[in-house]
Amino acid sequence: MFSVIKIASNTLPERYNPSIFNYFYETYPQGFIIAEIAHKIVGFLIAVKVKPNIAKILMLAVSKQHRRKKIGTMLLNELYKKILKENITAIELEVRTDNTTAIKFYEKHGFKIKNKILHFYQNGEPAYVMRKDIL
Ligand SMILES: CC(C)(COP(=O)(O)OP(=O)(O)OC[C@H]1O[C@@H](n2cnc3c(N)ncnc32)[C@H](O)[C@@H]1OP(=O)(O)O)[C@@H](O)C(=O)NCCC(=O)NCCS
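Heads up: these notes are all about the structure in this document. (Residues numbered from 1 in each chain as written. Predicted model: local features only at pLDDT ≥ 70, side-chain atom pairs only at ≥ 80, totals over all residues.)

Secondary structure assignment for the protein yields four helices and six strands. For the protein, the α and β elements follow one another from N to C terminus as α-α-β-β-β-α-β-α-β-β. For a compact globule of 135 residues, the expected C-alpha radius of gyration is about 14 Å, and the protein comes in at 14 Å, within 12% of that figure. Taken along the three principal axes of its C-alpha coordinates, the protein extends 35 × 35 × 30 Å. A buried classification covers 24% of the 135 residues belonging to the protein. Within the protein, counting contacts between residues at least 6 apart in sequence, those at least 24 apart form 53% of the total. (Helix = DSSP H or I, 4+ residues; strand = E, 2+ residues; numbered from the N terminus. Rg over C-alpha atoms; globule rule 2.2 N^0.38 Å. Buried ≥ 20, exposed ≤ 12 C-beta atoms within 10 Å, placed from the backbone. Contact = placed C-beta atoms within 7 Å.)

Right under this line is the structure:
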């Protein structure tokens, strides 16, 4: 958990209370996925179920030195595998409108921008809502 929190604080602009990570793991372990290289955690994804048929990605991060090696793609593919058994029909997420890297990543994986939410983040920045139907 310590490594996940470290990657989150090094790569994501939002500040999270460390206890939230245990909370997500305990409430929806299927959505808590880590990527390791030689026993070292290099990325993670946290998703929760927001409706019986909809999962939401809350966090996805790969440490800087390991990007563009398909680790984010593997994390996403692992999530698909886990939630396929649960009748989930769509995955949603919010992303900063200026996070072009993440937007390109999600678009490459078939997510589409559905909406824009003004003042979404702690610092007042807006978010796009992106969604992918998986069934
Ligand atoms: C978004 C993120 C998780 C992607 O992880 P990654 O392991 O580097 O992504 P992948 O190697 O699986 O990339 C898959 C595809 O996404 C697209 N992509 C990924 N990074 C990109 C970039 N910097 N610019 C353009 N396209 C990009 C490409 O199409 C890429 O395929 P290609 O390398 O064959 O061209 C990573 O950049 C990251 O941790 N960013 C910081 C945290 C963040 O913004 N998280 C999302 C918040 S919701």
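Structure's up, so let's keep going.
A few words on the sheet that holds strand β3 (residues 54-62). Strand order in the open sheet formed by six strands is β1-β2-β3-β4-β6-β5, and the pairing between neighbours is mixed. In this open sheet, the two edge strands, each paired with only one partner strand, are β1 (32-37) and β5 (112-117). The mean inter-strand angle of the sheet, taken between neighbouring strand axes irrespective of direction, is 25°. The sheet contact formed by β5 and strand β6 (residues 127-133) spans five bridges and is antiparallel. Bridge assignment links Ile-117 to a residue of β6, and that residue is Ala-127. Relative to strand β2 (residues 40-51), helix α3 (residues 71-84) is tilted by about 40°, and along the sheet it contacts β1, β2 and β3. (Pairing = 2+ DSSP bridges. Axes fitted to C-alpha atoms, helices over the stretch in contact; angles between N-to-C directions.)

The environment of the ligand is made up of 20 residues, and the closest members are Arg-67, Gly-72, Thr-73, Ala-102 and Lys-104. Those elements that provide at least two residues to the shell around the ligand are β3, α3, β4 (90-96) and α4 (100-108). Considering every element that reaches the shell around the ligand, the biggest residue donor is α4, with five residues. Classifying every residue of the shell around the ligand gives nine nonpolar, five polar and six charged. (Near = placed C-beta within 6 Å. Nonpolar A, V, L, I, M, F, W, Y, C, P; charged D, E, K, R; others polar.)

Moving on: the nonpolar core. For soluble globular proteins, nonpolar side chains are generally found buried alongside one another. Counting 29 residues, the largest nonpolar core has Phe-44, Leu-45, Leu-75 and Leu-79 as its most contacted members. At six residues, β3 tops the list of elements feeding residues into this core. If we ignore the near neighbours within four places in the chain, the residues touching Phe-44 are Val-4, Ile-7, Ile-33, Ile-34, Ala-35 and Ala-61. (Core = buried A, V, L, I, M, F, W, Y, C linked by C-beta atoms within 7 Å.)

All right, on to the environment of Tyr-28 then. Structurally, Tyr-28 is set in the loop between α2 (19-27) and β1. Residue classification places Tyr-28 among the partly exposed positions, given that 17 C-beta atoms sit within 10 Å. Between the alpha carbons of Tyr-28 and Lys-49 there is a distance of 7.5 Å; along the sequence they are 21 residues apart. Once residues lying within four places of it in the same chain are set aside, the contact partners of Tyr-28 are Val-48 and Lys-49.

It is worth stressing that arrangement in space is one thing and function is another; only the former is reported here.
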